[in-house]
Amino acid sequence: MTIMTDPPRESFRLSMLLNDTRYRSITFQAIALLALIVAIAYLANNLFTNLAAQGLNISYGFLGDPAGYDINQRLIEYDSQSSNARAALVGILNTLLVAFLACIMATVFGVIAGVLRLSNNWLVSKLMSFYVEIFRNIPVLIWIIIIFTIMTAVMPAPRAFRGDEPEATMLLGAFAFTNRGIYIPAPIWGPGSMVVVATFIASVVGVFAYRRYAKNLLYQTGRLLPMGWPSLAIFFVPTIVMFFIMGRPIGLDIPELGGFNFRGGIQIGAPLIALWFALSIYTGAFIAENVRAGIQAVSKGQTEAASALGLHPGRVMNLVVLPQALRVIIPPLISHYLNITKNSSLAIAVGYADITATLGGITLNQTGRAIECVLLLMLFYLVISLSISAIMNVYNKTVTLKER
Amino acid sequence: MTDTNQHSASFVRTETIPERAPPVTASGPVKWVRENLFATPANSVLTIIALYFIYLLLAGSLPWLLNGVWTTSSLSECREVLGGAVGACFSVLTERLNQLLFGFQYPSELYWRPALALVLLFVAGAPVLFFDLPRKLLIFTALYPFIAYYLIWGGALGVPVLALVGCVAGYLVYSRFVAGSFAKGFFGGIAAALIVWNLGGLLIPENANDTAMMTAVPSRDLGGFMLNMMLGVTCVSLSVPLGIVLALGRQSSMPLIKWICVIFIEFIRGVPLITLLFVASVMLAYFFPPESTVDLFLRVVIMITMFSSAYIAEVIRGGLAALPKGQYEGADSLGLDYAQATRLIILPQALKISIPGIVNVAVGLFKDTTLVSVISMFDLVGMIRGPILASTDWAGVYWELYGFAALLFFVVCYGISQYSQWLERRLATDHR
C-alpha cells in the first residue's frame, strides 16, 4: 500500500520568477513597467534638457495673445486681434463643418454607387466599379489638390461676370461659380420668420411621429397606412402655408457683383468646396464597397421569401433587405466617418482654415510653441474620434441582431 | 385507311430540317444588349444616362490626350505648337521625368543606384509575395535591406556590412538558445547584435563616407516617387513585426501590458497622420539626446511606422480572434508554452487570415506617404507643387502633372489590390 504524499513545499527560489507560471507574468509586467518608466524618463529628460538649452518652456500663455492673422472662412466672429484660442476655435468649427458636410455627401455617393454597382445594367455597374477603383487607388491628397485646381484655375474670375456681354453668367441668376468659390443666396430673417422656422421644426417632428404611428398601427392591426405622400405633405405644406400667412418674412439676399468681387449672399470658399467634394467622393468609393458587401451579405432566400409573401420590390428592400444589410454596413461606415474627420486635416494643403491650419499651422509657426500646439491638436482629434465612435456604437447597438 | 394515308400524305417530311440560327433577339449581341442594357424602361434610361456621361468624358479628354505635345521645353512653346488647339503638354513629363522620379537633388549620375534597388526589390519581394517560389530565395530577401541601403545612400561599405554582421550574430545566438527558452534566445539575440554593433562601430573611421567607393547621398537629397516608394516599403516592412507584437500584447492576459498596447493603438488610431508628421518634423527632435542629429527621413519613418503598426495590429487582432478556440486549446494540451504555441500554431494561421487586411493597410499607407509633402519633403506631390509648378517654364501645367502622379499611384495601388484579391482566392481554397 502506497501513500500519496504531497511533494515537499519548495521554498521560493529566484529562478521561479522566470520558470513558474504563477510568478512569471508578474515578472514580465514588472520588467515592462520598468522599461516604460525608464523610456519615459529618458525622453522627458531629453525634452527638458533640449528646452532648457534653447531657453524655452512649456506654457499655454500664447493662447491668450492676439493671433495677428485673418481667416476668410469662418462661422463665428473673428478678426486678427482675436486671441490664438479664438483662432483655434474657428478652426475647430471649420473642421467640424467640413467633416459633417463630407460625411453626408460621402454617404449619398457611397449608397448610390454601391447600389448601382449591383445593378443588372452592365454599363452602369461597370461605370460604378470604374469610379470605385479610380478613386480608391489614388491618394486623397491628389484628389483634393486636383479639385482645388479645377476650382481656382478653371472657373471664371468674378470680373468675368461683368459687362453687357459677360463671359460667365450666374446659374438661375442666383448662384455664381467663380475661382474664389461659390456664391449662393443667403436667407434674410424678417420679423415673424421665427414662427415659420418653428413650424418647420414642428413638421419635421410631425413626420417622425406619423411614421412611428403608422408603424405601430401596422404591427398591431396589420393595416398599412401610406408612407410616402403623407410624409411629404406634413414636411412641406404647413411651412409653406405659414410662410404666406406671416406675409413672406424670409427673403433671399442674392449675391451681386460689386467692385472686384461679389457682395451679399453666402460665399463658400474654393478650399472648403475642394476639401468637401474630394473627401466625399474619395470616401464615397470606400462606402460603396461596404454598401455592396452589405447588400450581398443578405442571403438571396430572404429576398425570395419576401417576394413569395407578396411584398412588392420596394417593400422587400425597405422591410427585409435593408434592415439586415445595415448591420453589416454600419460598423465600417463608422470608421469611414472617422477617416473623413481625420482626413479633413489635409485642409492645410489647400489653405482651408481648419484646426490643423490655424493651431497647427499659422499659430505654431508664429509662436514657435511646437509641443503645446501639436499636443492640443492631437487632443482635439482624440476627443472627436472617441466621441464619434461612442455615438455611432450606440446607434450600432440599436440595429444589431436581437438574439435570445 | 392507315395504309393509304401513309403513302398518300406527301406533306410528311422524310428528312430532318437543317438547323437554323435562333432569331437575332434570342441570341448573340442583340440578346445580350437587350438583357443587360435595356431590360426595363428604367434600365434603358440608366443606360442612356451612362452613355451620355461616357460621351462627355471622352469628348472632354480624348482630343486633349491625342493632341498631346511631347517635345517642347516650356509651356509657352507648347502653346505655340498647339496654336490654340486643345491638347496636352506632356513635354513637362519628358523634360522633368527624372525630377518626378528621383527628386531634384539626387545626383543625376547616380540614378542607376535607386533604379537598381527598385529592380532588386521585385526580386526580393517575389518569394514573400508568391510562396510557390523556391524558399532559398528568401536568403536574398533577408540581404535586400542592406543592399538597398547601400545602393541608395552609398557611403562607407562598413555600415551595412556591420549591420548585417550584427543581425547574423543575433540570429545565431537566437537559434542556439531558442530551443531552451524563447525569452533566453530572444533577449540573447538582441544583446549579441547590440554588442557586435557597438564594438564594430569603433572600427569604422570617422570620415569613412568621404573616401567611400560609392558616393554618399544624404537623406535630404532623396525625393520624387522614389521617396514615396522608400517610405512605403520601409514603413510597411517595419510595422508588420511591430503590429504583431502590439496585437499579441492587446490579447495578453497581463493587464499592464494589455493596457499599454490598448492605449498606444487607440491613441495612434485616433489622430490623423498629419499631426504625427508634425510630431516628426517639429517635435521629435526634442526627444532625442541634445548632441544627436536624427535626420528628417528617419524621424518620418519612425512616426509612419508607429502609425501603420497600430492599424496592422488591429487587423492581426481580427485574425487572432477569428481562430477557432480549439487551436488555442490544442496548443495548450500539447504542453507547449506561450512562445511555442504562438510561434508554431497561432501566428501562422492568424497571419494567413489577416494577409488581405495587411495588404489593404499597406495600400492605404502607400497613398498616405504623399502627406509628407505637407511637412515640405519633396516627394512626388511635393515636387509637383513645389519646384516644378513654381518654375517659370512650367507654371500652369496642372493636368499633365497631377494626371501623371495619379496614374503612377493608380498603377501601384491597383496592382497591389489585385494581388490581394488573388491571394484571398488562393488562401480561400485550402481551408473551406
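Everything numeric here is computed off the predicted structure, so don't read it as measured data. Residue positions are given per chain, counting from 1 as you read along its sequence in written order. Labels are handed out in written order, letters beginning with A for the chains and numbers beginning with 1 for the ligands. Residue-level local features of this predicted model are given only where pLDDT is at least 70; pairs of side-chain atoms are given and counted only at 80 or more, and the full residue set underlies all totals for whole chains, interfaces and linings. With hydrogens and water set aside, each side-chain value is computed from the structure's full complement of heavy atoms.

For the purposes of this section, nonpolar cores are sets of buried Ala, Val, Leu, Ile, Met, Phe, Trp, Tyr and Cys residues that join through side-chain atoms within 4.5 Å. Only protein chains enter the accessibility calculation, which uses a 1.4 Å probe; a residue is then buried when its area is under 20% of its type maximum, exposed when over 50%, and partly exposed in between. Core analysis: the largest hydrophobic core is formed by 173 residues, its most contacted members being B:Tyr106, B:Leu222, B:Phe297, B:Val300 and B:Leu401. Counting from the N terminus, the helices are the DSSP runs of H or I reaching at least four residues and the strands are the DSSP runs of E reaching at least two. Ranked by residue count, the leading element in this core is helix H8 (residues 270-297) of chain A, at 14 residues. In this structure, A:Ala67, A:Ile71, A:Ala87 and A:Ala353 belong to the second largest nonpolar core, which totals seven residues.

Right, let's get into the side chain of A:Asn121. Here A:Asn121 shows up in the loop between helix H3 (84-117) and helix H4 (122-136). A distance of 2.5 Å separates the side chain of A:Asn121 from the side chain of B:Thr47, its partner in a polar contact. Residues count as neighbours in contact if any of their non-hydrogen atoms are within 4.5 Å of one another. Ignoring anything within four residues of it in the chain, the contact list for A:Asn121 reads B:Asn36, B:Leu37, B:Asn43, B:Leu46 and B:Thr47. Polar contact is the term for a pair of N or O atoms within 3.5 Å; when the atoms are in protein, one must be able to donate a hydrogen and the other to accept it, and sequence-neighboring residues count only if both atoms are side-chain atoms.

A few words on the side chain of A:His336. Residues and elements named next belong to chain A. Among the structural elements, His 336 can be located in helix H10 (residues 313-343). For His 336, the side chain forms a polar contact with the side chain of Asn 290, separated by 2.8 Å. Excluding its chain neighbours within four sequence positions, the residues that come into contact with His 336 are Thr 283, Phe 286, Ile 287 and Asn 290.

Within an α-helix, residues lying three or four positions from one another point in the same direction, as the helix has 3.6 residues per turn. Most of helix H16 (residues 380-390) of chain B sits out of view: eight of its eleven residues are buried. When H16(B) is considered as a whole, its buried residues turn out to be B:Leu380, B:Val381, B:Gly382, B:Met383, B:Ile384, B:Gly386, B:Ile388 and B:Leu389.

This part takes up helix H6 (residues 193-221) of chain A. Residues and elements named next belong to chain A. With 29 residues, H6 extends 41 Å between its outermost C-alpha atoms, agreeing within 8% with the 42 Å of an ideal straight helix rising 1.5 Å per residue. Buried within H6 we find Ser 193, Val 196, Thr 199, Ser 203, Val 207, Tyr 210, Ala 214 and Leu 217. The inward-facing, buried residues of H6 contact strand E3 (186-189), helix H7 (228-245) and strand E4 (250-253). Positive backbone phi, approximately 80°, marks Gly 222, located one or two places after H6. To estimate how far a helix should extend, the number of its residues minus one is multiplied by 1.5 Å.

Before going further, it helps to examine the sheet that holds strand E7 (residues 266-269) of chain A. Residue and element names in this part refer to chain A. One bridge is not enough; two strands pair if DSSP finds at least two bridges between them. The strand order across the open sheet built from three strands is E1-E2-E7, with neighbouring strands paired in antiparallel fashion. Of all strands in the sheet, those bounded by a partner on one side alone are strand E1 (176-178) and E7. For this sheet the average axis-to-axis angle between neighbouring strands, irrespective of direction, equals 20°. Across the sheet, H8 lies against strand E2 (181-184) and E7, angled at about 60° from E7, the strand it touches most. To get an axis, a line is fitted to the C-alpha atoms, and for a helix only the part in contact is used. The angle between two axes follows their N-to-C directions and goes from 0 to 180 degrees.

Further remarks concern unusual backbone geometry. All names here are of chain B. Although it is not a glycine, Ser 376 sits at a positive phi angle of roughly 50°. Mapping Ser 376 onto the fold places it in the loop between helix H15 (338-368) and H16. When its relative accessible area of 56% is taken as the criterion, Ser 376 is described as exposed.

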